[in-house]
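Analysis of the macromolecular model
Chain by chain, the residues:
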Amino acid sequence: MLGGVVLACVAGRADAADARLRLNIPPRSYADALIDLALQANVSILGTATCGAGGRVELSGSYTLDEALDRILAGAPCRHRRIDSRTVRITAAPPRISLPPPPEPPRAAAVVAEVLVTATKRPAALDRLPAGVSAISRDQIATTRANDVGQTIGQLAGVLSTNLGPGRDKLLVRGLSDGAFTGRTRTTVSTYLDDAPINYNAPDPDLRLVDVERIEVVRGPQGALYGSGAIAGIYRIVTAKPDVRDVAFGASATVATTEGGSTSHELDGYMNLPLLQDRAGLRLVAYRDVQGGYLDDVRLRVTNVDQTRRDGGRLAFRLQLSDDWRFDALAATQNLRSNDTQYVTAEMTGGRRQPQAMARPGRAAAPDERGNRIRETHNNDFSYGGVRLQGDFGWGTVASSTSYIHHVFASQYDASAARGIFGAELADLGVYDERTRSTMVVQDLVVRSSPAARFDWLVGLYAARTRARSPSTLEFLSPASASTVYWESRRDKLTEYALYGEGSYDLGGGWTASLGGRVFQTRVVTTADLRISPPFAPRFFDQARTFDGFSPKISLQREFPNGDLVYALVSEGYRPGGFNSSGFFPIRTTRTTFRPDRLRNFEVGAKFRRLDNRLTVRAAAYYDDWANIQTDQYRQSGLAYTANVGDARILGLEGEAAYEFPSGLTVQANGLVSDSRVKNINPDFPVSPAARIADDLPGVPDLSAGVLVTYLRPLGDTLSLRLVAEASYVGRSGLSFDQPPRTDHYLRTELAAEVYARYWRLTAFVTNPLNDDGDTFAYGNPFSFADNPQTPDIIEAVRQATPQRPRTFGVRLAAAF
């Protein structure tokens, strides 16, 4: 309604394309000059990396937007195309008709390019932000076939993921891990789809990245702007928006085969349709993929048990209400079904992991086999609907976003190991089912000044309501009977309100100081009804609590005349507390609740370019103080709980660099060195008598790194060849604060060769060409991975491991028009 009132007041404004702008763009490359133009004109310019890192242009005076674009791109290897009155798309220039002198080899778009990002809730050039920020462009997503979040990991400094399986993983940033498991705690990394948070305490929904404009990552706590759940950073998926002027469509198909496994296939496509020229447009996305299994269950006599199917789509609508106001709507859905988990079981012999013999007489099990008694299935269904109303004016921007998220995920486990807790008279096949159905309604209103002003400010109002229902059951089955020994119906209600803001002031001489913060209040209400078979008693749980506070942020930066940047940053992140209800035994009073935790970050960093902008380097060093760390753990019975383990300090150094050779070769490297120490252990943190608290945070290694190499070469007048090699290294890490299993260090690799023309591309690839089977995640089933006094003959002899997918060959055909 507010938008309608303002719209009525400003409906008579002149077209933004005809308005004259006072511009002052110092000498910069084509891409950097476009970034400056976007900031000073308060418009969106997409695809600036298409222009490469070359060129040297400047602009000063009064121009319309089109005049400024024409002057900046005169002689550039790219051109501009208006999508609407405030959005511009940069594309490669068509080849010249006349025969030019022999050209130098083509330059691939920089993989760590200067781009305009909005993850800080206002447009800003990536290399001018006082924070650890990374972005993966649309072109790079296509070049590296980064189809989902897990496949982008090696391209982003300090970003890792667990490997429990599709739709079950959690993101980890900067070594700030609260453990490898997902339970009642809020995530440490908040994943956003455009402007909406899409997970609370759920595993990552594993959305397929089809028709995505870019991925943005902000490392370090973001409590001031994003609130709870961003204690380690932000991972943001920016979708492509409708083009109200031109028709466009694209599609791709992929077929791959895994050694020792079944065939995988993928199919996706998008279509852009203008509905009302220059005013309204529609963009549709659809996809379906099947990841073939590669593990065998010898007890069930099923091969390739771990197949996963994923299908979904998006529908986006844009309406240019006037020259100043724009309305966007987006609906998205995805269904993911995994037939089984992707871990194997192994014996520990002489400190080495060996395959566990199973079920087939006279034959030892292979490293890609296990022997469960049931299929351990998993479903992850995600639906989203959201609207955004934005008004752009000379003084700044008003944007209101409303989002609805519906998320359902469920898992089934072989819980036969819990039989001894209830007595030997039960059937010996135990099945544990857990399911969560959550809904989130989020409203975010942001008012910000024009980025070109000396005092740049932002003010926001935030409100969110989350409702979750989490039923779980433990049954013991036989051919003739079924006995439910544990049943819990839990409901959580969470309400959040916040007022936040940030202001930046240009002190002169390249110095800028920023100050921001967030005042918040969170109300948590939990009820649970538990019915448990003897010798345990049923009980009911009903608790509520309110958490409030303030999360500050302060930074100081200096930008030098040549574009170099140095900065210092202090920021905070937080998570509210909550309640434990699950368990066979009544919960001790001191363990009924878990307290809020808070992380304070002290960071210094530098960003610079050299060698005619061919070399880009970004680096940051940080010290984090994490108090009252919340962690999700499993009891020896296999049921989950949440506790505050203690405090920790984390030291880290991260960096990323890219260099573009004149020959068409581009090399990107990134890395993170992290050292953590757990201290001030909570004396009430439950550990088994034989265990001790680990010295460092679990789930993250001391060292991780990635390399991406691309080589581009023309093949005649219409074809080009692109070669891609990607590798990422992840060191050893512990699994839990109080458990001994550790993952292996491992190397993920991929090679690809692509031939492409203007409208199509054909790619052949091989993943894991070295066939590395290192243990990427030493966990799969909570009922049989830890020391369990009820079943010592089983649990103490068995370890769980998650090997990489074996060597896989594939081919992909894509077209875009």
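The notes below deal with the structure included here. (Residues numbered from 1 in each chain as written. Predicted model: local features only at pLDDT ≥ 70, side-chain atom pairs only at ≥ 80, totals over all residues. Heavy atoms only, no water.)

Quick word on the pattern of salt bridges
Working definition: two side chains of opposite charge can pair if their charged atoms are close together. The tally for this structure, following the rule as stated, stands at 55 salt bridges. In this structure, Asp 195 engages Arg 388 in a salt bridge whose closest nitrogen and oxygen atoms are separated by 3.2 Å. Placement of Asp 195 in the loop between strand 11 (189-193) and strand 12 (196-197) and of Arg 388 in strand 24 (residues 378-392) is noted, with a sequence separation of 193 residues between them. Assessed through its relative accessible area of 29%, Asp 195 is described here as partly exposed. In this structure, Asp 492 and Arg 490 form a salt bridge, with 2.9 Å as the shortest nitrogen-oxygen distance. One exposure class covers both Asp 492 and Arg 490, and it is buried. (Salt bridge = Lys/Arg side-chain N within 4 Å of Asp/Glu carboxyl O. Helix = DSSP H or I, 4+ residues; strand = E, 2+ residues; numbered from the N terminus. Buried < 20%, exposed > 50% of the residue type's maximum accessible area, 1.4 Å probe, protein only.)

As for the sheet that holds strand 5 (residues 87-92)
Pairing is mixed in the open sheet, where three strands are placed in the order 2-5-4. Looking along the sheet, the strands with just one partner apiece sit at the ends: strand 2 (44-46) and strand 4 (78-84). Direction aside, neighbouring strands of the sheet carry axes that sit 25 degrees apart on average. Of the strand pairs in this sheet, strand 4 and strand 5 are connected by six bridges, and their pairing is antiparallel. Paired with Arg 81 across the strands is Arg 89, a residue of strand 5. Of the strands in this sheet, strand 2, strand 4 and strand 5 touch helix 3 (residues 65-72), which is tilted by about 160 degrees from strand 4. (Pairing = 2+ DSSP bridges. Axes fitted to C-alpha atoms, helices over the stretch in contact; angles between N-to-C directions. Contact = heavy atoms within 4.5 Å.)

Focus: the pairing of strand 26 (residues 429-449)
As paired elements, strand 25 (residues 396-414) and strand 26 share 19 bridges and run antiparallel to each other. Its bridge partner lying in strand 26, Ile 405 is registered against Met 440.

Quick notes on the side chain of Asp 647
Note that Asp 647 resides in strand 38 (residues 647-660). Here Asp 647 sits buried without a salt bridge, and the closest side chain of opposite charge, Lys 679, lies 6.2 Å off (N-O distance). Only 2.8 Å separates the side chain of Asp 647 from the backbone nitrogen of Asn 628, close enough to count as a polar contact. Reaching out from Asp 647, the side chain makes a polar contact with the side chain of Asn 680 at a distance of 3.0 Å. Ignoring any residue separated from it by four or fewer positions in sequence, one finds Asp 647 in contact with Trp 626, Ala 627, Asn 628, Ile 629, Arg 677, Val 678, Lys 679 and Asn 680. (Lys, Arg positive; Asp, Glu negative; His and termini not counted. Polar contact = N/O pair within 3.5 Å; in protein donor to acceptor, adjacent residues only side chain to side chain.)

Brief notes about the state of the cysteines
Under the criterion given, the structure shown has one disulfide. Between the sulfur of Cys 51 and that of Cys 78 lies a disulfide, 1.9 Å long from S to S. One disulfide, between Cys 51 and Cys 78, carries an S-S torsion of 100 degrees and so falls in the right-handed class. With Cys 51 in the loop between strand 2 and strand 3 (57-63) and Cys 78 in strand 4, this residue pair connects regions lying 27 residues apart in the sequence. (Disulfide = S-S within 2.5 Å.)

Limitation: the analysis is restricted to geometry and does not speak to function.
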